Amino acid sequence: MADCEYIANCPVFEKCRTGVIKNVFNIKYCRGSELENCARRILKKAGKEVPLSLLPNGEHLETLKSC
Ligand code: SF4
């Protein structure tokens, strides 16, 4: 499985490399089988603005802005 093409500039991957975020999202989505289903990636590919608080599973986590 190839890495997500946005991995270098994605705040979810960049700011949350450890702990639960890494285990649940980065491995599953950014470098895993759920890549095609990442809510951030879908918006990005569509040319739409991606909220900073948006998680790969479509939920929002306000604390993501400061993690
Ligand atoms: S969170 Fe989504 S857009 Fe960001 S690097 Fe991971 S798969 Fe790509």
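Reading the values: rules and limits
Residues numbered from 1 in each chain as written. Predicted model: local features only at pLDDT ≥ 70, side-chain atom pairs only at ≥ 80, totals over all residues. Helix = DSSP H or I, 4+ residues; strand = E, 2+ residues; numbered from the N terminus. Contact = placed C-beta atoms within 7 Å. Near = placed C-beta within 6 Å. pLDDT = per-residue confidence, 0-100. Core = buried A, V, L, I, M, F, W, Y, C linked by C-beta atoms within 7 Å. Buried ≥ 20, exposed ≤ 12 C-beta atoms within 10 Å, placed from the backbone.

### A short note on the overall build of the chain
Here is step 1: The helix and strand tally for the chain stands at 3 helices and 0 strands.
Here is step 2: Element order for the chain, N to C, with α for helix and β for strand: α-α-α.
Here is step 3: Of the contacts formed within the chain by residues at least 6 apart in sequence, a portion of 43% connects residues at least 24 apart.

### Here's the deal with the site of the ligand
Here is step 1: Taken together, 14 residues are adjacent to the ligand, and C4, C10, C30, C38 and R41 come closest.
Here is step 2: Looking at the shell around the ligand, the elements that each hand over two or more residues are helix 1 (11–15), helix 2 (19–30) and helix 3 (39–45).
Here is step 3: Broken down by element, the residue count for the shell around the ligand peaks at 3 residues, all from helix 3.

### Quick word on the confidence of the model for the chain
Here is step 1: Summing up the model confidence of the chain, the mean pLDDT is 84 and the portion of residues at 70 or higher is 79%.
Here is step 2: Looking over the chain, one finds the lowest element-wise mean pLDDT in helix 1, namely 74, and the highest in helix 3, namely 97.

### What about the environment of C4?
Here is step 1: Within the secondary structure, C4 is located in the segment before helix 1.
Here is step 2: For C4 and L35, which are 31 residues apart along the polypeptide, the C-alpha to C-alpha distance reads 6.8 Å.
Here is step 3: Beyond its immediate sequence surroundings of up to four residues, C4 is in contact with C30, L35, C38 and R41.

### Things to note about the nonpolar core
Here is step 1: Judged by nonpolar contacts, C4, C10, V12, F13, F25, Y29, C30 and C38 together constitute the single largest core of 8 residues.
Here is step 2: For this core, the secondary structure elements donating two or more residues are helix 1 and helix 2.
Here is step 3: At 3 residues, helix 2 tops the list of elements feeding residues into this core.
Here is step 4: Here Y29 is in contact with E34, L35, C38 and P56, once residues within four sequence places are set aside.

### Concerning the environment of R40
Here is step 1: Positionally, R40 belongs in helix 3.
Here is step 2: Taking the number of C-beta atoms within 10 Å as the measure of exposure, R40 has 24 and is therefore buried.
Here is step 3: When the C-alpha positions of R40 and L55 are compared, they lie 6.8 Å apart, and in sequence the two are 15 residues distant.
Here is step 4: If we skip the residues at most four places from it in the chain, R40 touches C10, V12, V50, L54 and P56.

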